[in-house]
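A look at the structure
In case you want the letters, here they are:
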Amino acid sequence: MDLSLSKRVFRFAPSPNGALHLGHAFSAILNHDLAQACGGRFLLRIEDVDTTRSRPEFEEAIYRDLAWLGLSWETPVRRQSEHLAGYAEALERLIARGLVYPAFLSRGEVKSIAKTHSLDGGNWPCDPDGALLYPEQERELDPAVARRWIAEGRKHAWRLNMSRATQEAGPLLSWEEEGKGPEGQTGKIAADPGQWGDVVLSRSDAPGSYHLAVTLDDWAQGVTDVVRGQDLFHATSVHRLLQVLLGLPAPRYRHHGLVLGPDGRKLSKSNGDTGLASSRERGFSPADVRALLAGVG
Ligand code: GLU
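This text gives an overview of the structure that appears in the document. Residue indices begin from 1 for each chain and proceed along its sequence in written order. Residue-level local features of this predicted model are given only where pLDDT is at least 70; pairs of side-chain atoms are given and counted only at 80 or more, and the full residue set underlies all totals for whole chains, interfaces and linings. Hydrogens and waters are ignored; side-chain quantities use all the structure's heavy atoms.

**As for a positive patch on the surface**
Threshold: A patch consists of residues whose relative accessible area exceeds 30% and which take part in no salt bridge; residues with like charges are grouped when within 9 Å of each other, and nonpolar side chains (Val, Leu, Ile, Met, Phe, Trp, Tyr) when within 5 Å. Throughout, the Shrake-Rupley method with a 1.4 Å probe supplies accessible areas, and for residues the shown protein chains are the sole cover considered. The working definition used for a salt bridge is a side-chain nitrogen of Lys or Arg within 4 Å of a carboxyl oxygen of Asp or Glu. Positive residues here are Lys and Arg, negative ones are Asp and Glu, while His and the chain termini are left out of the count. Every charge is mapped to an atom, namely NZ of Lys, CZ of Arg, CG of Asp or CD of Glu. A run of H or I in DSSP becomes a helix once it reaches four residues, and a run of E becomes a strand once it reaches two; helices and strands are each numbered from the N terminus.
On the surface, Arg107, Lys111, Lys155 and Arg203 cluster together into a patch of positive charge. Relative to the helices and strands, Lys155 resides in the loop between α5 (143-151) and β5 (157-160).

Structure representation (structure tokens):
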């Protein structure tokens, strides 16, 4: 029997669009240590599907910072930019099933539709990240018109028709949460992808959106345990939906607490003081970083 088949597989999946900070360090160390504790595997994945924001120097810095922390990972490292054909193929399957449609409205147009609606006394809904939900008016656009607009070179994204998708997936969508959501949610969580509206699955500068790429990659890499920050807790609803639509198994999920800055807010990649490289320059050791992160849940 091949015992490696039953090993648990963890991953740390940073986007190379900025310098890693203490929050990333916590996530990477936690994944690495959990894998080690159960004799499992620790993978690193570079989420560089968004070519407009990803930079090779940030990718190099990720390897440097993680090595400095004393972590080691399997090679070759999966880089999303090398798997665009796989995302496109999955997208085609969803388009063929009528679950995805081309969406042409610009951000400004969405804003003004929402504003007009509010002036009429309505309350335009937002997703869990606070972004306006995409209007549903293009779901039933005549396919011949859509094809013509695409041929004319009109800018578009491919969006999931959330009502069709949730109908097809059925009402029993859930996941097992081993950590905690931002409001302490744990155990069996009922997924609610509808709160995200018609999410983007592909756009011209990023052929697989975060949601599509992460779902396919976790499956392709045999990830059994997704351990990541609580800021991605609600996104799991979309990932579970895509797994069901694409016939992929559900991993276990563990969302961990976020490392907050001195102002009590979530760290951002531009936050110099909590960047790993600047901690290193200020004489911090990897042990100091571990000690600092010991209290995060
Ligand atoms: N690439 C994402 C980030 O850097 C993390 C994705 C995930 O862990 O699912 O925030």
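**Here's the deal with helix α1 (residues 22-37)**
For the record, the criterion: How far a helix is expected to stretch is found by multiplying one less than its residue total by 1.5 Å. A simple rule labels every residue: compare its accessible area, found with a 1.4 Å probe on the protein chains alone, to the largest value its type can have, and call it buried under 20%, exposed over 50%, or partly exposed in between.
Taking 1.5 Å per residue as the helical rise, α1 with its 16 residues ought to reach 22 Å, and the 22 Å between its terminal C-alpha atoms agrees with that figure. Where burial is concerned, most of α1 is hidden: twelve out of the 16 residues are buried. Those residues of α1 that fall on the buried side of the exposure criterion are Leu22, Gly23, His24, Ala25, Phe26, Ser27, Ala28, Ile29, Leu30, Asn31, His32 and Ala35. The first or second residue beyond α1 is Gly39, which carries a positive phi of 65°.

**Overview of the sheet that holds strand β4 (residues 100-103)**
For clarity, the cut-off: For two strands to be treated as a pair, DSSP must find at least two bridges joining them. For helices, the fitted axis covers only the stretch in contact; all axes are lines through C-alpha atoms, and the angles between them, taken along N-to-C directions, range from 0 to 180 degrees.
In space, the three strands of this open sheet follow the order β4-β5-β8, with antiparallel pairing throughout. Looking along the sheet, the strands with just one partner apiece sit at the ends: β4 and β8 (200-203). Recorded for the sheet is a direction-independent mean angle of 25° between the axes of neighbouring strands. Of the strand pairs in this sheet, β4 and β5 are connected by four bridges, and their pairing is antiparallel.

**Some remarks on the pairing of strand β1 (residues 9-12)**
Condition: A clockwise course of the path from the first strand over the helix to the second, judged with the strands pointing away from the viewer, identifies a crossover as right-handed.
Side chains of β1 alternate between two faces, with Val9 and Arg11 and Phe10 and Phe12 buried alike. Viewed along the sheet, the connection from β1 through α1 into strand β2 (residues 41-46) turns out right-handed.

**A closer look at the site of the ligand**
Put simply, the rule reads: We call a residue near a molecule or strand whenever a single non-hydrogen atom of that residue lies within 4 Å of it. Whenever two N or O atoms come within 3.5 Å, that pair is a polar contact, provided that in protein one can donate a hydrogen and the other can accept it, and provided that, for residues adjacent in sequence, both atoms are side-chain atoms. Note on residue classes: Ala, Val, Leu, Ile, Met, Phe, Trp, Tyr, Cys and Pro are nonpolar, Asp, Glu, Lys and Arg are charged, and everything else, Gly too, is polar.
Residues in close proximity to the ligand include Arg11, Ala13, Pro14, Ser15, Glu47, Tyr210, Val214, Arg228 and Leu232, which together make up its full environment. A distance of 2.6 Å separates a nitrogen atom of the ligand from a polar side-chain atom of Glu47. The separation between an oxygen atom of the ligand and a polar side-chain atom of Tyr210 is 3.1 Å. Burial of the ligand by the protein chains amounts to 81% of its free accessible area of 300 Å². Broken down by class, the residue content of the shell around the ligand amounts to five nonpolar, one polar and three charged.

**Brief notes about the nonpolar core**
Counted only if it meets this: Only buried Ala, Val, Leu, Ile, Met, Phe, Trp, Tyr and Cys residues count toward a nonpolar core, and they belong to the same one when joined by side-chain atoms within 4.5 Å. Contacts: residue pairs with any heavy atoms within 4.5 Å of one another.
With 35 residues, the main nonpolar core has Leu94, Val100, Leu160, Leu201, Leu241 and Leu245 as its most contacted residues. Mapped by element, the contributors of at least two residues to this core are α3 (84-96), β5, α6 (162-169), α7 (210-220) and α8 (235-246). Residue contributions to this core peak at six residues, all from α8. Leu160 has contacts with Leu99, Val100, Tyr101, Ala165, Asp198, Val199, Leu201, Leu241, Leu242 and Leu245, leaving out every residue within four places of it along the chain. Counting residues in hydrophobic clusters, the runner-up holds 25 residues, among them Leu20, Phe26, Leu44 and Leu276.

**What to know about the pattern of salt bridges**
Side-chain pairs of opposite charge can arise where the charged atoms are in close proximity. For the structure on display, the rule yields 20 salt bridges. Residue Glu82 pairs with Arg79 through a salt bridge whose shortest N-O separation is 2.8 Å. According to the relative accessible area criterion, Arg79 is partly exposed, its value standing at 25%.

**So, unusual backbone geometry**
Omega for the bond connecting Thr75 with Pro76 falls within 30 degrees of zero, at 0°, which places this linkage in the cis form. For Pro76, the position within the fold is in the loop between α2 (56-68) and β3 (78-79).

On their own, these measurements won't tell you what the molecule is for.
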